[in-house]
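Overview (structure and organization)
The primary structure of each chain is shown beneath.
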Amino acid sequence: MSMNIQLEIILQVLISFVVGMLIGFDRERSGKAAGMRTQMLVCVGSTLLAGISVHLAEIYNRGVEANLFRADPARLMAQIVSGIGFLGAGVIIKNSGNKVTGVTTAATIWITAAIGIGIGAGFYLPAFVATGLVLLLNPIAYFQYRYGLKSAYYQLGVRT
């Protein structure tokens, strides 16, 4: 594997480190779970796996005819999404009582992984736009609470 490919992946990992830290800082600042370290790890891990997957597919597909088996980088990326689902489920399930919390935190972990995959696959502009949109979570929440569109919590009642 050439040094250029390795340097490209290192650059992608560094970019995703910064992006993950930005998202995590925003979450921590608002007192939410899954802060800087979690978001950074999710973003960096997704970027590293996606970058390796893309370049492995390029290497293994050299000289292979189109109608034969070809390495598919999307397969590993799909597994990243599945794995992140388990993290998100853990964030949601860990809360006890009769209220469901942690859904936005789980969604934030999921989108951070998607942004990491985007960076690792070389889609920088869409990843940066998505990061900007994620950073709008707090202003959107402010307007939701301010104008009564959302209460502080929901109460779930089950009749038997």
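Going by the structure above, here's the rest.
What you see is a predicted model; the values in this text were computed from it and never measured. The residue numbering used here restarts from 1 in each chain and proceeds along that chain's sequence as written. The predicted nature of this model means local features are confined to residues of pLDDT at least 70 and side-chain atom pairs, given and counted, to a pLDDT of 80 or more, with totals for whole chains, interfaces and linings taken over all residues. Values reported for side chains reflect all heavy atoms of the structure, with hydrogen atoms and water molecules removed beforehand.

Some words on the overall build of the chain
Broken down by element type, the chain carries 6 helices and 0 strands. Throughout this description, buried means an accessible area under 20% of the type-specific maximum (1.4 Å probe, protein chains only), exposed means over 50%, and partly exposed covers the range between. Counting only residues that meet the buried cut, the chain has 31% of its 160 residues in that class. Throughout, a contact is declared for two residues whenever any of their heavy atoms are within 4.5 Å. Residue pairs at least 24 apart in sequence account for 64% of intrachain contacts in the chain once pairs closer than 6 positions are excluded. Counting every atom, the chain has about 10300 Å² of accessible surface; 67% of that belongs to carbon and sulfur. Helix and strand definitions follow DSSP, with helices as H or I runs of at least four residues and strands as E runs of at least two, each counted in order from the N terminus. Per-residue and other accessible areas follow the Shrake-Rupley method at a 1.4 Å probe size, with only the shown protein chains counted as cover for residues.

What to know about helix α3 (residues 73-93)
Working rule for helices: expected span equals 1.5 Å times residues minus one. Under the 1.5 Å per step criterion, the end-to-end length of α3 is 31 Å for 21 residues, consistent within 8% with the ideal 30 Å. Of all the positions in α3, only M77, I80, I84, G88 and V91 are classed as buried. Down the axis of α3, the buried side of the element spans an arc of 80°, and every buried residue falls inside it. Opposite its buried face, α3 presents the exposed residues R75, Q79, F86 and I93, each directed more than 90 degrees away. For α3, the secondary structure elements touched by its buried residues are α2 (36-60) and α4 (103-120). Contacts described as polar in this section are N or O atom pairs within 3.5 Å, which, within protein, must combine one atom able to donate a hydrogen with one able to accept it, while residues neighboring in sequence count only if both atoms come from side chains. Capping the start of α3 is the job of one residue whose side-chain oxygen sits 3.1 Å from the backbone nitrogen of A74: D72. This arc corresponds to the set of directions leading from the helix axis out to the C-beta atoms.

Brief notes about the packing of aromatic side chains
For Phe, Tyr and Trp, where Trp contributes only its six-membered ring, two rings pair if their centres lie within 6.5 Å, and the inter-plane angle classes them as stacked under 30 degrees, edge-to-face over 60, or tilted in between. For the structure on display, the rule yields 2 aromatic pairs. Ring centres of Y142 and F143 lie 5.5 Å apart, and the angle between their planes is 75°; on these two criteria the pair is classed as edge-to-face. Accessibility expressed as a relative area gives 45% for F143, which makes it partly exposed. Through pairs of rings, three or more aromatic residues link up here, namely Y142, F143 and Y147.

Some points on unusual backbone geometry
Glycine aside, residues mostly have negative phi, and peptide bonds are mostly found in the trans state. Positive phi is not limited to glycine here, since A34 has a value of about 60°. Residue position: A34 is located in the loop between α1 (3-29) and α2.

What to know about the packing of α3 against α4
Helix axes are fitted only over the stretch in contact, all axes being lines through C-alpha atoms; the angle between N-to-C directions runs from 0 to 180 degrees. At a minimum axis separation of 8 Å, α3 and α4 run at an interaxial angle of 160°. Our classification of the angle between α3 and α4 gives roughly antiparallel. Note that α3 runs across α4; the crossing there is right-handed. Of the residues in α4, those in contact with M77, I80, V81, I84, L87, G88, V91 and I92 of α3 are V103, T105, A106, I109, W110, A113 and I117. Its residues assigned to classes, the contact of α3 with α4 comprises 13 nonpolar, 2 polar and no charged. Note on angle classes: values under 35 degrees are labelled roughly parallel, values over 145 roughly antiparallel, values of 65 to 115 roughly perpendicular, and the remainder oblique. By definition, turning the near helix anticlockwise from the far helix through less than a right angle yields a left-handed crossing, and turning it clockwise yields a right-handed one. Charged means Asp, Glu, Lys or Arg here, nonpolar means Ala, Val, Leu, Ile, Met, Phe, Trp, Tyr, Cys or Pro, and polar covers whatever is left, Gly included.

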